[in-house]
Amino acid sequence: MKKEALHTLHGGDLDEISRIYGIDKNKILNFSGNVNPLGLPESVKKAIAENTDSAINYPDVAYVSLRDSIAAYTGADREHILVGNGSTELISLFIKTISPKKAVIISPAYSEYLREVEISGGTAELFPLSEDEGFMLSMDKLKAVITEETDLLVICNPNNPTGTYLTCDRIRDILMHCQSTDTYVMIDETYVEFSDKEISAIPLAKTFGNLFVVRGTSKFFACPGLRLGYGICSDSDILDRINERKDPWSVNIFAEIGGRVMFTDKAFIEDTIELISSERKRMYTELRKFENLFVYDTQSNFFLCKILNGKITSARIFEELIKDNILIRDASDFPYLGNRYLRFCILDKKSNTLLLNSLRKCLK
Ligand SMILES: Cc1ncc(COP(=O)(O)O)c(C=O)c1O
């Protein structure tokens, strides 16, 4: 694989980076994966360690107790909850199930939505968030694009990679418009728990049958290797159709066990919100003082930045930082961004300071 292609790999592809650059993967400070720096909650470690023998059993094929924990955590009805092998399985299943001929994806966005629409034989129109508008969504322009022809609208809230967000009022407005055009809306809330605003669309799922909310646990609960995600939808016909396609037991028993405890770990949840929120403020203040860099405000656990010096590219910054074992995401391959965009997440205070110092040096 070419080095340039490596810069823009999914954030989790540490193995590939470590093979190519010859760095022990445990020594890499991974600012590209968007994973909570507090690591796997102790409660989850303990529950899994105490239940290793459970591997001799199949998980509960209906995942009743896991779905009950998710219901208590999210306020959704257990009957409206599906669990999957990461949010990735649910994004894929939902798109394959409704098989949209025409989808609209608010972009720049996570690349899997487009891939899934294309795999299921549809075409996608990318609806651009404009740099001039600070990557904020223009409701009027969006509504003009969503017509009776549109089968699916995809939104990521807060959005990866811009960190921008939609309030519940705006989401309700979009859902009402999409109801009138018979359009499904999939909202990916992978990063929603990092936000200090109440922006989740889950409370709207009971009213809007055209809404599918998808969430993962990989980022907030720091367990991408466990592979646990969930989806929420109140349309029983859609849920039945998804369940018909879904492989049984796609959530393994350790994800089931871990999932039953993580959502009740109030101390972990509070510690995470406190750390991310204070580091987000501190880093934003620091980054705004940088010469040659524009930082976008964010409601997520990562920042999108634009290099303002025309001679410095994101690929060059990537190469400079990896020499210090610092891995960031060169965001140049996202639609509507270019070769001057970087994305990096918030880790612990010490690591964040290291990144800020190295980045400052590279931009001089
Ligand atoms: C917006 C978004 N959605 C979904 C995923 C996939 O997450 P999971 O590990 O839950 O499949 C990612 C991973 O980076 C992501 O950024």
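Anything mentioned here points back to the structure above.
Calculation notes
Residues numbered from 1 in each chain as written. Predicted model: local features only at pLDDT ≥ 70, side-chain atom pairs only at ≥ 80, totals over all residues. Heavy atoms only, no water. Patch = residues over 30% accessible without salt bridge, like charges linked within 9 Å, V, L, I, M, F, W, Y side chains within 5 Å. Areas by Shrake-Rupley, 256 points an atom, 1.4 Å probe, with all protein chains shown as cover. Salt bridge = Lys/Arg side-chain N within 4 Å of Asp/Glu carboxyl O. Helix = DSSP H or I, 4+ residues; strand = E, 2+ residues; numbered from the N terminus. Buried < 20%, exposed > 50% of the residue type's maximum accessible area, 1.4 Å probe, protein only. 1 Å grid on protein atoms, 1.4 Å probe; cavity = no way out; pocket = protein on both sides within 12 Å on 5 of 7 lines; lining within 4 Å. Points joined across faces, edges and corners; volume = space filled by probe spheres on them. Nonpolar A, V, L, I, M, F, W, Y, C, P; charged D, E, K, R; others polar. Pairing = 2+ DSSP bridges. Expected span 1.5 Å × (residues − 1). Contact = heavy atoms within 4.5 Å. Axes fitted to C-alpha atoms, helices over the stretch in contact; angles between N-to-C directions.

(A) Up close: a nonpolar patch on the surface. A cluster of nonpolar residues, Y58, V61 and W249, forms a patch on the protein surface that exposes about 360 Å² of accessible area. Relative to the helices and strands, W249 resides in the loop between α9 (236–245) and α10 (253–262). You can call W249 partly exposed: its relative accessible area is 38%.

(B) Molecular detail of empty space enclosed by the protein. Here the structure, examined in full by the defined rule, presents two cavities of 30 Å³ or more. Taken as a whole, the largest cavity spans an internal volume of roughly 110 Å³. Taken together, I106, L129, F135, M136, L137, I155, C156, N157, N159, T164, Y165 and L166 form the lining of the largest cavity. Residue composition of the lining of the largest cavity, by class: nine nonpolar, three polar and no charged.

(C) Fine view of the sheet that holds strand β10 (residues 302–307). Strand order in the open sheet formed by four strands is β9-β10-β13-β12, with antiparallel pairing between adjacent strands. Every other strand in the sheet has two partners, leaving β9 (293–295) and β12 (329–330) as the edge strands with one partner each. Here two bridges tie β12 to strand β13 (residues 341–345), and the two strands are oriented antiparallel to one another. Of the residues in β13, the one forming a bridge with D330 is L342.

(D) Region of the structure containing helix α13 (residues 349–362). With 14 residues, α13 extends 20 Å from end C-alpha to end C-alpha; this agrees with the ideal 20 Å at 1.5 Å per step. Of all the positions in α13, only S351, N352, L355, L356, S358, L359 and C362 are classed as buried. On the buried face of α13, the contacting elements are β1 (29–30), α11 (266–288), β9, α12 (314–323), β11 (326–327) and β13.

(E) Looking closely at the sheet that holds strand β3 (residues 102–107). In spatial order, the strands read β2-β8-β7-β6-β5-β3-β4; together these seven strands make up an open sheet with mixed pairing. Two strands lie at the open edges of the sheet, namely β2 (81–84) and β4 (123–128), each paired on one side alone. Strand-to-strand twist of the sheet, defined as the mean angle between neighbouring strand axes without regard to direction, takes the value 20 degrees. Two strands pair when backbone bridges link them, and β2 and strand β8 (residues 229–232) are joined in this way by four bridges, in the antiparallel orientation. Along β8, the bridge assignment pairs L82 with G231. Running over the sheet, helix α5 (residues 86–98) touches β2, β5 (152–156), β6 (184–188), β7 (211–216) and β8 and is turned about 160 degrees from β7. The sheet contacts of α9 involve β2, β6 and β7, and relative to β2 the element is tilted by about 25 degrees.

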